[in-house]
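Here are the chains, one letter per residue:
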Amino acid sequence: MLHLSRLRLLTVILSLCGPVSNGFAARPNFLFIIVDDQSPFDLKVYDPKSQLDTPVINELAAGGITLDAAHHMGAFVGAVCTPSRHMVMCGRTLWHLPIAPDALAKGRCPEHLEEQTLAAVFNRNGYDTMRTCKNGNSYEAANKQFTVRQDATKRGGTAESGSAWHAEQVLNYLNEREQAQDEDPFFIYYGFSHPHDTRDGTPELLRKYGATNHADRDTLPPTNPAQPPLPINWLPKHPFFHGQPNLRDEVAVSGVWERRDERTIRNEVGRQFACSENIDIQIGRVLKKLSDMGELDNTYIFYTSDHGMAIGRHGLQGKQNLYEHTWRVPMIVKGPGIAAGTRAPGNIYLLDVLSTVCDLAGIEAPKSSEGISFRPVLEGAKRTVRDVLYGAYCGGTKPGMRCVKQGDWKLIQYDVMDGDVRETQLFNLADNANEFLDQHHAADVTALTGAEPSAQQRNLADDPAHAVKLKEMQALLLSEMRRLDDPYRLWNQPDDGLTAPVPPPRKNKRREAAK
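Attention here is on the structure that accompanies the text.

Reading the values: the criteria
Residues numbered from 1 in each chain as written. Predicted model: local features only at pLDDT ≥ 70, side-chain atom pairs only at ≥ 80, totals over all residues. Heavy atoms only, no water. Salt bridge = Lys/Arg side-chain N within 4 Å of Asp/Glu carboxyl O. Helix = DSSP H or I, 4+ residues; strand = E, 2+ residues; numbered from the N terminus. Buried < 20%, exposed > 50% of the residue type's maximum accessible area, 1.4 Å probe, protein only. Pairing = 2+ DSSP bridges. Contact = heavy atoms within 4.5 Å. Axes fitted to C-alpha atoms, helices over the stretch in contact; angles between N-to-C directions. Polar contact = N/O pair within 3.5 Å; in protein donor to acceptor, adjacent residues only side chain to side chain. Parallel < 35°, antiparallel > 145°, perpendicular 65-115°, else oblique. Nonpolar A, V, L, I, M, F, W, Y, C, P; charged D, E, K, R; others polar. Phe/Tyr/Trp six-rings, centres within 6.5 Å; stacked < 30°, edge-to-face > 60°. Lys NZ or Arg CZ within 6 Å of the ring centre and 35° of its normal. Core = buried A, V, L, I, M, F, W, Y, C linked by side-chain atoms within 4.5 Å.

## Structural notes on the pattern of salt bridges
Argument step 1. Here the structure, examined in full by the defined rule, presents 46 salt bridges.
Argument step 2. A salt bridge links Arg108 to Asp485, with the shortest nitrogen-to-oxygen separation between them at 3.9 Å. Of the two residues, Arg108 sits in the loop between helix H3 (81-90) and helix H4 (118-124) while Asp485 sits in the loop between helix H14 (467-483) and helix H15 (509-514), which places them 377 residues apart along the sequence.
Argument step 3. Taking the relative accessible area as the measure of exposure, Arg108 reaches 23% and is therefore partly exposed.
Argument step 4. Judged by its relative accessible area of 25%, Asp485 is partly exposed.

In structure tokens, the structure reads:
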């Protein structure tokens, strides 16, 4: 009953804000919603078979546009969220961030970049800016630019210790605007600490998804038929080592640790879903308030995540990989001029957000931004803003992992553990969207996942029929690495005379990755 009433309420609210022309009586507002550690495939919008209930997010998608090829560009540290959130704020590519190895020393990033970040730009152009999000693993100098800031890490299962706290900060801010009769346009950065672990859901939502906040490393969580099924591309173990010894996300997440068995993963997915549905509820509260204030029809609403997440997919647990479930992010946008119920690939990065919101607001994007506005995609004028997408992860042993995608084809290469692990994967995503490997065909795996991969749904890198495509994609990857000033080269690439970059000083890595 609660679920249906919430759905009906949001249907009514969102039906009141259909597309309007861009000739605003007032400049548009922005509600930028970003969650922590969510694969797009958790959501019914991206996987209709998902058991996760998010009626508010579903209604946002029904009233706006869903992008099917939104990505983060990658990371050079285990805390993938740190470079990801830098890119959101400043619009710069991965190796041109102020925290990237040698970027400042080699002039690849301007000094005082925080003055050209999201809140600073909108402040200068007459917007009121407000932010709530987790603490840490972000871009602190940029976060300080928000006029109102209410940050705290909230990953508990109560209203005070969980996602409802972030909602309260936004609601308090909107109430104060209403009381002050503040008519300035606003930009609200509405961040959540969940569903990042520890995934302590509310008791009622944990019951719904058959999950427990399991904390005993010596036992398995209880089975429960209400738990979500295993992910379709689950594996009991990744086929080769990922390249980062003692990586927190793969060995130390409470409730999972090193385990990838069915009971552990189904319970953890249930916890993920419990936290994610609570986020959906909290978004609904803020949208209702905006509707009550008469602001909803003039507000662009963005919904995204800082990166995806594995939780058993491909035998992995964390965010330090380049499979689609983790490299991609959800991106749903609703607002003036956006046709309801549309979809497009987009081929965007999170670093494109700054240029896009500036474009929608009629503000000149800072020259330091390297992102591309995807407003033409949002308004239906284009399907994509770029042809090629590049991804990197090298928070562990170097040079790490790289990927490139063009059209239906995707290449991932691994060069880790001082050359002991060198692997190549080639996928045709039109035929193999789940990136099935040979291991997904095993009878003991399919018996648990229910998957029935076809003969061609596997890694094609060693298939002679695709040798030409493999070489083409490898050349494309090298081209992108050179274009983006990637400071490393893989074993099968020319070294280009590069020397290993000097990494910036790091704090406690285990503590940082946990934030």
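## As for H3
Argument step 1. With 10 of its 10 residues buried, H3 lies for the most part within the structure.
Argument step 2. Listed as buried for H3 are Cys81, Thr82, Pro83, Ser84, Arg85, His86, Met87, Val88, Met89 and Cys90.
Argument step 3. The positive-phi residue at the C-terminal boundary of H3 is Gly91, with phi of around 75 degrees.

## A closer look at the sheet that holds strand E8 (residues 299-305)
Argument step 1. With mixed pairing, 8 strands are arranged side by side in an open sheet as E6-E5-E7-E1-E8-E9-E2-E10. A strand with exactly one partner marks an edge of an open sheet, and here the two such strands are strand E6 (148-149) and strand E10 (342-344).
Argument step 2. Judged from the 2 bridges that link them, strand E5 (residues 128-132) and E6 form a sheet pairing that is parallel. Residue pairing across strands places Met130 opposite Val148, the latter belonging to E6.
Argument step 3. Contacts from helix H6 (residues 163-180) reach E5, E6 and strand E7 (186-195), with the element oriented near 165 degrees to E7.

## Some points on the side chain of Thr449
Argument step 1. Turning to its location among the elements, Thr449 is positioned in helix H13 (residues 443-449).
Argument step 2. Ignoring anything within four residues of it in the chain, the contact list for Thr449 reads Pro231, Ile232 and Trp234.

## A closer look at the sheet that holds strand E15 (residues 421-428)
Argument step 1. Reading across the sheet, the 5 strands line up as E4-E12-E13-E14-E15 and stay open at both edges, with mixed pairing between neighbours. The sheet terminates laterally at strand E4 (74-75) and E15, the two strands that pair on one side only.
Argument step 2. The pairing of E4 with strand E12 (residues 388-393) spans 2 bridges and is parallel. Its bridge partner being in E12, Gly74 is matched across the sheet by Ala392.
Argument step 3. Lying on the sheet, H14 is in contact with E12, strand E13 (400-406), strand E14 (409-416) and E15; it crosses E13 at an angle near 110 degrees.

## Considering the environment of Arg343
Argument step 1. Tracing the backbone through its elements, the reader meets Arg343 in strand E10.
Argument step 2. Excluding residues that lie within four positions of it along the chain, Arg343 makes contacts with Val45, Tyr46, Ile65, Thr66, Asp68 and Arg383.
Argument step 3. From its side chain, Arg343 meets the backbone oxygen of Val45 in a polar contact 3.0 Å long.

## What to know about the packing of H6 against helix H9 (residues 262-292)
Argument step 1. As a packed pair, H6 and H9 sit with axes 9 Å apart at the nearest point and diverge in direction by 5 degrees. It follows that H6 is roughly parallel to H9 by the angle criterion. Of the residues in H9, those touching H6 at Ser163, Ala164, Ala167, Glu168, Val170, Leu171, Leu174, Asn175 and Glu178 are Asn278, Ile279, Gln282, Arg285, Val286, Lys289 and Leu290.
Argument step 2. Residues that form the contact of H6 with H9 fall into these classes: 8 nonpolar, 4 polar and 4 charged.

## Considerations on the packing of helix H2 (residues 55-63) against H9
Argument step 1. Interaxial distance between H2 and H9 falls to 7 Å at its minimum, and their mutual angle equals 60 degrees. Judged by the inter-axis angle, H2 sits oblique to H9. The segment H2 lies against H9, with Pro55, Val56, Ile57 and Leu60 engaging Asp280, Ile283, Gly284 and Leu287.
Argument step 2. Its residues assigned to classes, the contact of H2 with H9 shows 6 nonpolar, 1 polar and 1 charged.

## A word on the packing of aromatic side chains
Argument step 1. Evaluated as defined, the whole model comprises 15 aromatic pairs.
Argument step 2. Pairing Phe32 with Tyr189 gives two aromatic rings, centres 5.6 Å apart and planes at 35 degrees, and the pair type is tilted. Of this pair, Phe32 sits in strand E1 (residues 29-36) while Tyr189 sits in strand E7, placing them 157 residues apart in sequence.
Argument step 3. An aromatic cluster of at least three residues, connected via ring pairs, comprises Phe30, Phe122, Tyr127, Phe187 and Tyr300.
Argument step 4. Lying across the ring of Tyr46, Arg343 places its NZ or CZ 5.7 Å from the centre.

## Points about the nonpolar core
Argument step 1. Residues Phe30, Phe122, Tyr190, Ile283 and Phe302 are the most contacted members of the largest nonpolar core, which totals 136 residues.
Argument step 2. The leading source of residues in this core is H9, at 9 residues.
Argument step 3. Setting aside residues no more than four positions away along its own chain, Tyr190 makes contact with Leu31, Phe32, Ile33, Ile34, Thr132, His166, Ala167, Val170, Gln282, Ile283 and Val286.

## Examining H2
Argument step 1. For H2, a buried count of 7 out of 9 residues is recorded, marking the element as mostly surrounded by other parts of the structure.
Argument step 2. The set of residues buried in H2 consists of Pro55, Val56, Ile57, Glu59, Leu60, Ala61 and Gly63.

## Examining the pairing of E12
Argument step 1. The buried count for E12 comes to 6 of 6 residues, which makes it a mostly enclosed element.
Argument step 2. Covered by surrounding structure in E12 are Val388, Tyr390 and Ala392 together with Leu389, Gly391 and Tyr393, the residues of both alternating faces.
Argument step 3. Strand direction decides the pairing type here: E12 and E13, joined by 6 bridges, are antiparallel. Considered in E13, the bridge of Tyr393 is made with Met401.
Argument step 4. Between E12 and the antiparallel strand that follows it, E13, lie 6 residues.

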